[in-house]
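Here are the chains, one letter per residue:
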Amino acid sequence: MIPVRDPRGRRARTLHRFWLLLSAGFALSGCASRPLTQIDPPAASVELVDTPFFAQTEHHCGPAALATVLAAQGLDATPEALAPWVYVPGREGSLQAEMLAAARRFDRVPVRLGSDPQALIGALEQGYPVLVLQNLGLRRWPRWHYAVVIGYDPRERAFILRSGTTRREVLAERRFVASWERADRWAVVLAEPDAIPTATTVQDWLAGAAPFESLGRLAVAEQAYRAAITRWPQSALPWQAISNVDHALGRTAAAERALRRAVELDDQAVVARNNLANLLLARGCVEAAQRQVDTLRQVPPRFATALEQTREKIRLAAASGAADLAADCG
Amino acid sequence: MRLKIRNLFLGFLASCFMLTGMSAQASMIGTESLVAQQSRQADLATIDRFMASDQVRAQLETWGVESELAAERVARLSDAELQQLAMNIQAQPAGGDAIAVIGLVFLVLLVLELLGVTNVFTAI
């Protein structure tokens, strides 16, 4: 494994064996983390050299890293302007949730990347600098640190970062991945709502966009959901998402159409059937609503409460003698 | 101290209410719940935004975030984020930097650093 490139090779090998032995000792004593995924190195190195750099001041790597990924997209962001939104003095740091929330202020969808280091390289190749959380210490004595991955060099097997006060930090892949691993492999790219990064899943994209819906910023959510429908036409998820925006905007007919499309694509889409039942009930289609919930064979525990309420509403409506009066209950 | 205990107690109480889902629930399911990762056990229908917000805001204030700012910041959090923070904000990582390490910890870290397990000292 050790390439013999110079006269020091032999010494390096001996040293390497020594470290291996010691590391084995640590592994046995429980210091080892789970094995790291092998990277299938890209042919050419990638480095987003135009990514701006903001040197962090004490404890302010959060605002600095966030400003870096925002400014890389041409947005007007500086660590000084971001600090009041993300810095927590008592913790001498920034929380992940608030980092994401701050990105949303700029109408950017924060997309969590997969836990494979390959996903980082994929994002870089597409031009996205990646915001990462590292734990530079140990699991037991964590030293949390935000940095921005801007490149990967396959020859050196090293990641290149904008980090702390270092404009261009070259970090051996093994070291970087280990520190990232200790921070549960948290990696995020900021995307425009209508431009979905390649290296993401429909689930992760929608999870990044959904907070806009919850917080009432429906125009941004709608943009992101529509992009998802185009990108994943066979998935039932974006249709369910868009129906929520339609519903929130009072476009009930459109909401119902979207949900019908969702159940066409996935007969057992629990949320779609549940929400469709509610919409049907609201326009007096009690029996049709009942049919929707009866179609479901299994309900995951996290939706059980909502579904039970829907069933209760249907029961109440049926008990009061309501029947399907509308002709188009479906 | 007494205030701290009181806050802890209130926080505990609040999470109890949240977890048992005594809050008003909607039978429509939003997109955040739809795509919440299974592992997070997010039953977002049961989250009481008001109570969770209050709890997280109080904690931010305790940590030195100015009152008005804290309220504004909390209002920007999604349901899932708010729920997560309300449940264990203390345990959440806060990325800052890696400067002050002392005593035994320093020695252990130094050894690990030399072994290449960590890189506290190269990446401040």
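Residues numbered from 1 in each chain as written. Chains lettered and ligands numbered in written order. Predicted model: local features only at pLDDT ≥ 70, side-chain atom pairs only at ≥ 80, totals over all residues. Heavy atoms only, no water.

**A closer look at the overall build of chain B**
- Summing up its helical and strand segments, chain B has six helices and one strand in all.
- Its helices and strands in sequence order give chain B the pattern α-α-α-α-α-β-α, from N to C terminus.
- Here chain B, with 124 residues, has 46% of them falling under the buried criterion.
- Across chain B, the fraction of contacts at a sequence separation of at least 24, relative to all contacts at a separation of at least 6, is 56%.
- Summed over all atoms, the accessible surface of chain B reaches about 6,500 Å², with 65% contributed by carbon and sulfur. (Helix = DSSP H or I, 4+ residues; strand = E, 2+ residues; numbered from the N terminus. Buried < 20%, exposed > 50% of the residue type's maximum accessible area, 1.4 Å probe, protein only. Contact = heavy atoms within 4.5 Å. Areas by Shrake-Rupley, 256 points an atom, 1.4 Å probe, with all protein chains shown as cover.)

**A word on a nonpolar patch on the surface**
- The grouping of Leu107(B), Leu110(B) and Leu114(B) at the surface amounts to a nonpolar patch, some 280 Å² of accessible area in total.
- The residue Leu110(B) is located in helix 6 (residues 103–115) in this model. (Patch = residues over 30% accessible without salt bridge, like charges linked within 9 Å, V, L, I, M, F, W, Y side chains within 5 Å. Salt bridge = Lys/Arg side-chain N within 4 Å of Asp/Glu carboxyl O.)

**Structural notes on the state of the cysteines**
All names here are of chain A.
- Across all of its chains, the model carries one disulfide over all chains by this definition.
- With a sulfur-sulfur separation of 1.9 Å, Cys-285 is cross-linked through a disulfide to Cys-329. Around the S-S axis, the bridge from Cys-285 to Cys-329 shows a dihedral of about -80 degrees and counts as left-handed. Of this pair, Cys-285 sits in the loop between helix 11 (270–282) and helix 12 (286–295) while Cys-329 sits in the segment after helix 13 (301–319), and the two are 44 residues apart along the sequence. (Disulfide = S-S within 2.5 Å.)

**Some words on empty space enclosed by the protein**
All names here are of chain A.
- In the structure shown here, the tally under the stated rule is two cavities of 30 Å³ or more.
- What the largest cavity holds in volume is close to 60 Å³.
- Elements represented by at least two residues in the lining of the largest cavity include exactly helix 2 (61–71), strand 6 (144–153) and strand 7 (158–163).
- Residues that form the lining of the largest cavity fall into these classes: seven nonpolar, four polar and one charged. (1 Å grid on protein atoms, 1.4 Å probe; cavity = no way out; pocket = protein on both sides within 12 Å on 5 of 7 lines; lining within 4 Å. Points joined across faces, edges and corners; volume = space filled by probe spheres on them. Nonpolar A, V, L, I, M, F, W, Y, C, P; charged D, E, K, R; others polar.)

**Focus: the interface of chain B and chain A**
- With 59 residues of chain B at the interface, the matching set in chain A holds 75 residues.
- Three residues, Met28(B), Ile29(B) and Leu34(B), lead the burial of chain B against chain A; their summed loss comes to 12% of the area buried on that side.
- Our count for the chain B to chain A interface comes out at three salt bridges.
- A salt bridge links Glu98(A) to Arg73(B), with the nearest nitrogen and oxygen atoms 2.5 Å apart.
- If you look at where chain B meets chain A, you find 23 residue pairs in polar contact (both at pLDDT 80 or more).
- Listed by contribution, the elements that provide at least two residues to the side of chain B that touches chain A are helix 2 (31–35), helix 3 (49–62), helix 4 (67–75), helix 5 (79–88), strand 1 (94–95) and helix 6 of chain B.
- Among the elements that make up the side of chain B that touches chain A, the one with the highest residue count is helix 6 of chain B (seven residues). (Buried area = accessible area lost by both parts, 1.4 Å probe. Polar contact = N/O pair within 3.5 Å; in protein donor to acceptor, adjacent residues only side chain to side chain.)

Note that all results are geometric; they support no functional claim without further evidence.
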